Amino acid sequence: MGLLTEGSPLSWEETKALSEHVRNHGVIQFINLYRRLRDRQGDVLKWGDEVEYMIVKFDDKNKTAKLSLRALEVLNVLQEKELSDPEGVKSLWRPEYGAYMIEGTPGKPYGGLLAHFNIVEANMRYRREEAQRLLQPSEVVMSLTSFPRLGAPGFTDPPAVPTPNSGASRSLFFPDEAIFPGHPRFKTLTRNIRERRGSKVAINIPVYRDKNTPSPFKEDLRTVGDEGQSDWAARADHVYMDAMGFGMGCCCLQLTFQACNIEEARTLYDQLTPLCPIMLALTAASPLHRGYVTDVDARWDVISGSVDCRTEEERGLKPLGNYKFRIPKSRYDSIDSYLSPHGEQFNDVPVLYDEAIYQQLRAADIDHLLAQHVAHLFIRDTVSLFSEKIHQDDTEDTDHFENIQSTNWQTMRFKPPPPHSSIGWRVEFRPCEVQITDFENAAIVCFVVLLTRVILSYQLNFIIPISKVDDNMKRAQKRDAVLNEKFWFRKNITTCVSPPEATSCCQTSDTDIYTALSVNHIINGKKGEFPGLIPLINSYLSGMDVDADTHCTIQQYLKLIQRRAAGDLHTTASWIRDFVQTHPDYKQDSVVSDLINYDLLSRIHGVQSGDVSCPELLGTSLKSKTQENIPAAMERAESH
């Protein structure tokens, strides 16, 4: 969720009045930080994952499953270990947007040892069990991207009622009680985004049109307290949502990598960008929203719309007058420009940036691409400010910079080192939807980490025009995108130092750089056209000294990715969709009833605990390592 500053939140009017102050000082803070750390070298590879969880409460008697609003209570206990022994804990816990959500990371980052891949899944399992021990007998911690009936009547425990005419979100469906109460940032963001926009956010996701789905599909929102605004914003044949919680109340899986220097961080930022839509399609896990089956498989447009604070002028609905820019995207979206010299020629979409800030950065000897990137981030207002953080020492502090940086939620995030820290230049990989089991999440994490090693070792080049990445992001969210969509991808990914096995096809001209490939061909290869990402990983591993146990673990993970890409195994989204559509209570009307929701989440609980087999999702020959003893696995990894 980004920067969590403690203090007293300001109202939107107070925050708005200080936005220019935050921008001005944020730029100065970045310049000072850059001057100190631009030449920093020699940081070692470190990486880690972030898994977000929901707490679900089952009522077996009434056959209901609801979101338990006890995250604060659970989190307070989870964080006690870190407070008493910050260096000795195996996990770290942080709040997330929902009052039913918690976020867990490894206690320490992983390093460059291949043996560390043997402990990723075990640590995920440790986190899940650590949280589960603090829950009530009827509660379960679950890694769900979207709760199927989020915003449907009675979806919380204890019950909470939306307040359309008061509170932070003023939603017809999402009560303020479902927002995490332990930090003021979350309600402050909710209120300020709504007030800056001048209306509630409006999210419209196409409904899945089944045999008995009404045509047109249009809800009577007067029955839930609408006085006209929401009915105007809700589109026919779409599921309408009206609050930040519908997006930020979803869960995801993210990775952060530390690079050896700023140049390597910029290279990773660029090279991973074209992979974001591919991984979004491959990890798609959210076809159900607000109690309906939708015609998309991934949450991206939901979460993008949920924090869209652009005014009518900025969205192009009115001529510019009170605002400086017409902004084409929400502040939660795909990136708009590459950062490395290799990527510059592929920035084919005009980058909107603040000219004065850009010139200030250039005058401070910051190169064009990085100055453009920061000046682009800073077209946004601050949407959360605390009174204690208004006045800062710009030579030492970076909170004003991070205030803007951390509320630009994009597919990739370029992260400067914190001041006075041993942490180096980093990039964050943000598109993946969280999977049901620790095995799947570990497979996704290890695959992406291995890919970064192959990119750097083979000096591969995945860069395509940024407009094609944007196009791919739209395709990645479509129903069954893994099977049915093709994605723009670079044809010749090799450079002059790449090994022969990485060679794909000959590049003949600038217009012949990319082609449309299926996810299967991108992941597994297509003879004569593309070598495939997993064959490249296997080629890289063949030249490494990998012990047998680690090799076996990695191959299990890669097989899962291969089979998902090939369509031999379901994505989480297609598996969920099939479960709903074949449920006896489903009326072919796109509605996810309480009973369907209960049975679906009960099945997911059985799958994630290992009590229920799920060959269509996980296969029959793939084997989890979550029974591994954590300390023994770590000791073995460190011995390598």
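Residues numbered from 1 in each chain as written. Predicted model: local features only at pLDDT ≥ 70, side-chain atom pairs only at ≥ 80, totals over all residues. Heavy atoms only, no water.

A. View of the overall build of the chain. Along its length, the chain carries 24 helices and 17 strands. Here the chain has a C-alpha radius of gyration of 24 Å; the compact-globule value for 640 residues is 26 Å, and the two agree. Over its C-alpha atoms, taken along the principal directions, the chain stretches across nearly 65 × 60 × 55 Å. Across the 640 residues in the chain, those meeting the buried criterion constitute 62%. Put simply, 77% of the contacts in the chain that link residues at least 6 apart link residues at least 24 apart. Carbon and sulfur atoms make up 49% of the accessible area of the chain, which amounts to about 24,000 Å² in all. Across the chain, the 71 positively charged side chains and the 86 negatively charged ones have centroids separated by 3 Å. (Helix = DSSP H or I, 4+ residues; strand = E, 2+ residues; numbered from the N terminus. Rg over C-alpha atoms; globule rule 2.2 N^0.38 Å. Buried < 20%, exposed > 50% of the residue type's maximum accessible area, 1.4 Å probe, protein only. Contact = heavy atoms within 4.5 Å. Areas by Shrake-Rupley, 256 points an atom, 1.4 Å probe, with all protein chains shown as cover. Lys, Arg positive; Asp, Glu negative; His and termini not counted. Charge placed at Lys NZ, Arg CZ, Asp CG, Glu CD.)

B. The arrangement of the packing of helix H15 (residues 438–458) against helix H19 (residues 533–542) in detail. Taken N-terminus to C-terminus, the directions of H15 and H19 make an angle of 70°; their axes are 10 Å apart at the nearest point. The orientation of H15 relative to H19 falls into the category roughly perpendicular. Taken together, the residues of H19 that come into contact with H15 (itself represented by Phe447, Leu450, Leu451, Arg453, Val454, Ser457 and Tyr458) are Leu533, Ile534, Leu536, Ile537, Ser539, Tyr540 and Leu541. Among the residues making up the contact of H15 with H19, the classes are represented as 11 nonpolar, two polar and one charged. (Axes fitted to C-alpha atoms, helices over the stretch in contact; angles between N-to-C directions. Parallel < 35°, antiparallel > 145°, perpendicular 65-115°, else oblique. Nonpolar A, V, L, I, M, F, W, Y, C, P; charged D, E, K, R; others polar.)

C. Quick look at the state of the cysteines. Scanning the model with the defined rule gives zero disulfides in all. Free of any disulfide, Cys432 has its nearest neighbouring cysteine sulfur in Cys276, separated by 8.0 Å. Given the relative accessible area of 0%, Cys432 is considered buried. Free of any disulfide, Cys552 has its nearest cysteine sulfur in Cys446, 13 Å distant. (Disulfide = S-S within 2.5 Å.)

D. Spatial organisation of the layout of surface pockets. Each pocket or cavity is described by its volume, and for the largest pocket that value is around 1,500 Å³. Contributing to the lining of the largest pocket are 47 residues, with Glu50, Thr105, Thr256, Lys415 and Arg426 lying nearest its centre. Elements with a minimum of two residues in the lining of the largest pocket: strand S1 (46–59), strand S3 (91–95), strand S4 (101–106), strand S9 (253–258), helix H14 (399–405), strand S14 (412–415) and strand S15 (426–429). Among the elements that take part in the lining of the largest pocket, S1 stands out by supplying six residues, more than any other. Looking at the lining of the largest pocket residue by residue, the classes come out as 21 nonpolar, 11 polar and 15 charged. Of the volumes computed, that of the second largest pocket is approximately 1,000 Å³. In terms of lining residues, the second largest pocket is bounded by 36 residues, among which Ala202, Arg235, Gly305, Asp308 and Arg310 are the most central. Listing elements by their share of the lining of the second largest pocket, those giving two or more residues are strand S7 (203–206), helix H7 (229–233), strand S8 (238–241), helix H11 (300–306) and helix H16 (466–476). (1 Å grid on protein atoms, 1.4 Å probe; cavity = no way out; pocket = protein on both sides within 12 Å on 5 of 7 lines; lining within 4 Å. Points joined across faces, edges and corners; volume = space filled by probe spheres on them.)

E. Layout of the side chain of Arg40. By the element assignment, Arg40 lies in the loop between helix H2 (19–37) and S1. One polar contact links Arg40 to Asp43, side chain to side chain, over a distance of 2.7 Å. A polar atom in the side chain of Arg40 sits 2.7 Å from the backbone oxygen of Ser422. When residues no more than four places from it in sequence are discounted, the contact partners of Arg40 are Cys260, Asn261, Pro417, Ser421, Ser422, Ile423, Gly424 and Trp425. (Polar contact = N/O pair within 3.5 Å; in protein donor to acceptor, adjacent residues only side chain to side chain.)

F. Spatial organisation of the nonpolar core. Core analysis: the biggest nonpolar cluster contains 191 residues, and Phe174, Leu361, Phe429 and Phe447 have the highest contact counts within it. When residues in this core are grouped by element, the largest group, 14 residues, is from H15. (Core = buried A, V, L, I, M, F, W, Y, C linked by side-chain atoms within 4.5 Å.)

G. Quick peek at the packing of aromatic side chains. Under the defined criterion, the tally for this structure stands at 26 aromatic pairs. Their ring planes at 90° and their centres at 5.4 Å tell us that Phe489 and Phe530 sit as a pair that is edge-to-face. Of this pair, Phe489 sits in strand S16 (residues 487–490) while Phe530 sits in the loop between helix H18 (519–524) and H19, placing them 41 residues apart in sequence. The pair Phe489 / Phe530 is uniform in exposure class, with both members buried. Site record: aromatic cluster; members linked through ring pairs are Tyr97, Phe155, Phe173, Phe174, Phe180, Phe186, Tyr240 and Phe246. (Phe/Tyr/Trp six-rings, centres within 6.5 Å; stacked < 30°, edge-to-face > 60°.)

H. Region of the structure containing empty space enclosed by the protein. Counted under the stated rule, the structure contains 11 cavities of 30 Å³ or more. In this structure, the second largest cavity spans a volume of roughly 60 Å³. Ala168, Ser169, Thr190, Ile193, Arg194, Lys200, Val201, Asp242, Ala243, Met244 and Ser306 are the residues that line the second largest cavity. The dominant element in the lining of the second largest cavity, judged by the number of residues it contributes, is helix H6 (residues 184–197), at three residues. When the residues that make up the lining of the second largest cavity are grouped by side-chain class, the tally is five nonpolar, three polar and three charged.

I. Geometry of H15. With 21 residues, H15 ought to run about 30 Å at 1.5 Å a step, and its terminal C-alpha atoms sit 30 Å apart, in line with that. Taken from the residues just after H15, Gln459 is the one with a positive phi, measuring 50°. (Expected span 1.5 Å × (residues − 1).)

J. Just the pairing of S14, in detail. The alternating pattern of S14 places Met412 and Phe414 and Arg413 and Lys415 on opposite faces, both of which are buried. Summarising the sheet, S14 and S15 pair through four bridges and their orientation is antiparallel. Note on S15: the bridge partner recorded for Phe414 is Val427. (Pairing = 2+ DSSP bridges.)

K. Broad picture of unusual backbone geometry. Cis peptide bonds are those with omega within 30 degrees of zero, and the linkage from Asp157 to Pro158 qualifies with 0°. Its location among the elements puts Pro158 in the loop between strand S6 (156–157) and H6. Note the cis peptide between Ser215 and Pro216, where omega equals 0°. Here Pro216 lies in the loop between S7 and H7. One non-glycine residue, Lys63, lies in the positive phi region at around 55°. Inspection of the secondary structure assignment puts Lys63 in the loop between S1 and strand S2 (64–68).

L. Inspection of the environment of Gln410 at higher detail. Along the chain, Gln410 turns up in strand S13 (residues 409–410). You can call Gln410 buried: its relative accessible area is 6%. In this structure Gln410 touches Tyr269, Trp300, Asp333, Ser334, Ile335, Asp336, His376, Leu377 and Arg430, once residues within four positions along its chain are discounted.

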